[in-house]
Amino acid sequence: MKNVLFILFMLVAFLFGAVDFNSATKEELMEIKGIGEKKAEAIIEYRKTNKISSVEDLEAIKGFGPGLIEKIKNSNK
């Protein structure tokens, strides 16, 4: 059942082209081009004390520079 819900969530996310950085799982974050395991873990750690309102907020996390932010933006279209 969890797999069905996960697949359904991923389809909806794909159709709408957006990932909620405040609630996405590590696996969901890793589906974004440019985000691997370490960066997904960094996002999860960061959001424990900070709200992520836009992709630009990720620049506050070590390793997320302007180039990666642009790549994430383009993969979310």
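- Within an unreviewed UniProt entry, the label attached to the protein chain reads DNA-binding protein, and the organism entered is Halarcobacter ebronensis.

## Considerations on the pattern of salt bridges
Then, in step 1: Enumeration according to the criterion identifies 4 salt bridges in this entry.
Then, in step 2: The salt bridge partner of Glu56 is Lys73, with a shortest N-O separation of 2.6 Å. Placement of Glu56 in the loop between helix H3 (37–46) and helix H4 (66–75) and of Lys73 in helix H4 is noted, with a sequence separation of 17 residues between them.
Then, in step 3: One salt-bridge network, in which partners are shared between bridges, spans Lys26, Glu37 and Glu41.

## Some words on the packing of aromatic side chains
Then, in step 1: According to the stated counting rule, one finds 0 aromatic pairs in the structure shown.
Then, in step 2: Seen from the ring of Phe64, Lys39 lies directly overhead, with NZ or CZ sitting 5.6 Å from the centre.

## Here we look at the UniProt feature "domain: Helix-hairpin-helix DNA-binding motif class" (unreviewed entry) in the protein chain
Then, in step 1: According to UniProt, the positions carrying the feature "domain: Helix-hairpin-helix DNA-binding motif class" (unreviewed entry) are residues 27–46 and 56–75.
Then, in step 2: Spanning residues 27–46, this segment combines 70% helix with 0% strand, and its end C-alpha atoms are found 16 Å apart.
Then, in step 3: With 50% helix and 0% strand, the stretch residues 56–75 has end C-alpha atoms that lie 14 Å from each other.

The rules we used
- Residues numbered from 1 in each chain as written.
- Predicted model: local features only at pLDDT ≥ 70, side-chain atom pairs only at ≥ 80, totals over all residues.
- Heavy atoms only, no water.
- Salt bridge = Lys/Arg side-chain N within 4 Å of Asp/Glu carboxyl O.
- Helix = DSSP H or I, 4+ residues; strand = E, 2+ residues; numbered from the N terminus.
- Phe/Tyr/Trp six-rings, centres within 6.5 Å; stacked < 30°, edge-to-face > 60°.
- Lys NZ or Arg CZ within 6 Å of the ring centre and 35° of its normal.
- UniProt positions renumbered as here; feature names shortened; annotations may be inferred.

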